Amino acid sequence: MLNDIYNKRIIELAGNIPRLGRLPHPDASATAHSKLCGSTVKIDLTMDGPVVTDFAHDVKACALGQASSSIMASHVVGSTAGELRALRETVRKMLKENGAPPDGKWADIALLEPVRDYKARHASTLLTFDAVVDAIGQVEAKTGNTAPAA
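This is a predicted model, so every value here is computed, not measured.

With respect to the pairing of strand β1 (residues 28-33)
- Covered by surrounding structure in β1 are A28, A30 and A32 only, the residues S29, T31 and H33 on the alternate face being uncovered.
- As paired elements, β1 and strand β2 (residues 40-48) share 6 bridges and run antiparallel to each other. In the sheet register, A30 faces β2, and the bridge partner there is I43.
- As consecutive antiparallel partners, β1 and β2 are separated by 6 residues, and within that stretch G38 has a phi angle of approximately 85°, a positive value.

A look at the pattern of salt bridges
- Following the criterion strictly, the structure yields 12 salt bridges and no others.
- Notably, a salt bridge pairs R22 with D44, separated by 2.8 Å at the nearest N-O pair. Of this pair, R22 sits in the loop between α2 (8-15) and β1 while D44 is found in strand β2, placing the two residues 22 residues apart along the sequence.
- Note on R22: relative accessible area 45%, which makes it partly exposed.
- For D44, a relative accessible area of 2% gives the class buried.
- Measuring nitrogen to oxygen at the nearest pair gives 3.2 Å for the salt bridge that ties E83 to K105. Here K105 lies in the loop between α4 (81-96) and α5 (122-143) and E83 lies in helix α4, a separation of 22 residues in the sequence.
- When its relative accessible area of 26% is taken as the criterion, E83 is described as partly exposed.

Examining helix α3 (residues 63-75)
- Given a rise of 1.5 Å per residue, 13 residues ought to cover 18 Å, and the 19 Å separating the end C-alpha atoms of α3 matches this to within 8%.
- Among the 13 residues of α3, 10 are classified as buried, and the element is accordingly described as predominantly covered.
- For α3, the full list of buried residues reads A63, L64, G65, A67, S68, S69, S70, I71, M72 and A73.

Points about the nonpolar core
- With 39 residues, the main nonpolar core has I43, L45, M72, L84, I109 and L112 as its most contacted residues.
- Those elements that place two or more of their residues in this core are α2, β1, β2, β3 (51-60), α3, α4 and α5.
- Here the element with the most residues in this core is α5; it accounts for 8 residues.
- Among residues more than four places away in sequence, those in contact with I43 are R22, A28, S29, A30, F55, A56, H57, A131, V132 and A135.

Focus: the environment of P101
- In this fold, P101 is placed in the loop between α4 and α5.
- For the pair P101 and V91, spaced 10 residues apart in sequence, the C-alpha to C-alpha distance is 6.5 Å.

Let's talk about the pairing of β3
- Bridging between β2 and β3 involves 9 bridges; their strand directions are antiparallel. Within the sheet, the bridge partner assigned to D48 lies in β3 and is V51.
- Following β2, the chain reverses through 2 residues before pairing antiparallel with β3; G49 in that reversal takes a positive phi of roughly 65°.

Section: the sheet that holds β3
- Strands sit in the order β1-β2-β3 across an open sheet of 3 strands; the sheet is antiparallel. Of all the strands in the sheet, just β1 and β3 have a single pairing partner and so form its edges. When the angles between neighbouring strand axes are averaged without regard to direction, this sheet yields 20°.
- Each of β2 and β3 is contacted by α3, which is oriented at about 160° to β3, the strand it contacts most.

Parameters and conventions
Residues numbered from 1 in each chain as written. Predicted model: local features only at pLDDT ≥ 70, side-chain atom pairs only at ≥ 80, totals over all residues. Heavy atoms only, no water. Buried < 20%, exposed > 50% of the residue type's maximum accessible area, 1.4 Å probe, protein only. Helix = DSSP H or I, 4+ residues; strand = E, 2+ residues; numbered from the N terminus. Pairing = 2+ DSSP bridges. Salt bridge = Lys/Arg side-chain N within 4 Å of Asp/Glu carboxyl O. Expected span 1.5 Å × (residues − 1). Core = buried A, V, L, I, M, F, W, Y, C linked by side-chain atoms within 4.5 Å. Contact = heavy atoms within 4.5 Å. Axes fitted to C-alpha atoms, helices over the stretch in contact; angles between N-to-C directions.

Next up, the structure:
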């Protein structure tokens, strides 16, 4: 039932998104868009080597896209490129292959686990993860530095 995915905690996360806006001089920007629902997430980030040092985003998404963006914004600064690539893959597997949710600082993503039963909601839930990995790739292409997946 849809009430399982739109629970109180998801609504709280969606209503309290940190780091909203844009960075004045990001190292990279990326946009991810879901054609299915029309949700869009635009992110800016700065990096020092493989480590994210600043992050901002403009989120025009459903509650699930907002909640996943909120979780990302709460923990992305200080994370490494490899960690974030692995995170995107873990979340993708959680939704599409019944994989386990991440743990540690990313444990709140488990709140999105019920979304796996609603394929039409997968794209909006993954937007922030896709945009972050895209931006990391842009930074690495500019600097020639690439980080391993994990």
